[in-house]
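# Commentary on secondary and tertiary structure
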Amino acid sequence: MDTALQSMIANMPEKTGKSLEAWQKILRSKSFQKHSEAVNFLKNEHGLTHGFANTIVHLSKDQGASSDDLLTAQYKGKEHLLPIFERVRKAVEGLGDDVTITPKKTSVSFIRKKQFALINPATKTRLDLGLKLVGEPLTTRLENSGPFGSMCTHRVRLEKPEDVDKELLSWLKQAYEKAQ
């Protein structure tokens, strides 16, 4: 997925009021024969711009996979990393009832009004947790965002469940609070 599309998806909740997953759920509740019918529905009934409507409809065509299927595919051959992911997910769920957790093909986004974190199995031995912490200084652990680009400002490498510690939880909470 190119950077522009990733940015569009990340900004979707702020710009349209809903996450990509929420828009896809709306489209699944209707029946459209043509791509243009679905685009026009989103534009006319929900006031979306053509760019967002077209992108949502296009990405919805690939939505046969459930969230569980997407996670299974992400962690195939890396199942030993799932306990780390589960600790992060549990911590994020505990931040508030306004969090949306959106599994995608290669990552999972954590969104409030804006995306505040993103996690993916970066290698066979490590997860990368991207955080949106504008203005937070870099440290040896809280690195530059690296492969996340503008989607996140920082990255933390997670290799074992114990890496989800008090320091990491405080960064997650801080990112969540800034995503209002």
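Heads up: the structure comes first, above all this text.
A few points on the structure.

About the criteria used
Residues numbered from 1 in each chain as written. Predicted model: local features only at pLDDT ≥ 70, side-chain atom pairs only at ≥ 80, totals over all residues. Heavy atoms only, no water. Salt bridge = Lys/Arg side-chain N within 4 Å of Asp/Glu carboxyl O. Helix = DSSP H or I, 4+ residues; strand = E, 2+ residues; numbered from the N terminus. Buried < 20%, exposed > 50% of the residue type's maximum accessible area, 1.4 Å probe, protein only. Pairing = 2+ DSSP bridges. Contact = heavy atoms within 4.5 Å. Axes fitted to C-alpha atoms, helices over the stretch in contact; angles between N-to-C directions. Core = buried A, V, L, I, M, F, W, Y, C linked by side-chain atoms within 4.5 Å.

Turning our eyes to something else, we now look at the pattern of salt bridges. Tallying each qualifying case throughout the model produces 10 salt bridges. Here Asp 98 ties to Arg 112 by a salt bridge, and the two come within 2.6 Å at their closest N and O atoms. On the criterion of sequence distance, the pair formed by Asp 98 in the loop between helix H6 (82–93) and strand S1 (100–103) and Arg 112 in the loop between strand S2 (108–111) and strand S3 (115–123) is long-range, its members being 14 residues apart. Asp 128 is the partner of Arg 126 in a salt bridge, and the nearest nitrogen-oxygen pair spans 2.7 Å. With a relative accessible area of 13%, Arg 126 lands in the buried category.

Moving on to the sheet that holds S3. With respect to topology, 6 strands assemble into an open sheet ordered S1-S2-S3-S4-S6-S5, the strand pairing being antiparallel. Both edges of this open sheet fall to S1 and strand S5 (143–144), since each of them pairs with a single strand only. As paired elements, strand S4 (residues 126–131) and strand S6 (residues 154–158) share 5 bridges and run antiparallel to each other. If you follow Leu 127 over to S6, its bridge partner there is Leu 158. Across the sheet, H6 touches S1, S2, S3, S4 and S6, and the angle it forms with S2 is around 15 degrees.

Here we take up the nonpolar core. As a rule of thumb, nonpolar side chains are buried together in soluble globular proteins. Val 88, Phe 110, Phe 116, Ile 119, Leu 129, Leu 131 and Leu 158 are the most contacted members of the largest nonpolar core, which has 28 residues in total. Those elements giving two or more residues to this core turn out to be H6, S2, S3, S4, S6 and helix H7 (166–178). No other element matches H7, which puts 5 residues into this core. Of all hydrophobic cores here, the second largest spans 16 residues; its members include Ile 9, Leu 20, Val 39 and Phe 41.

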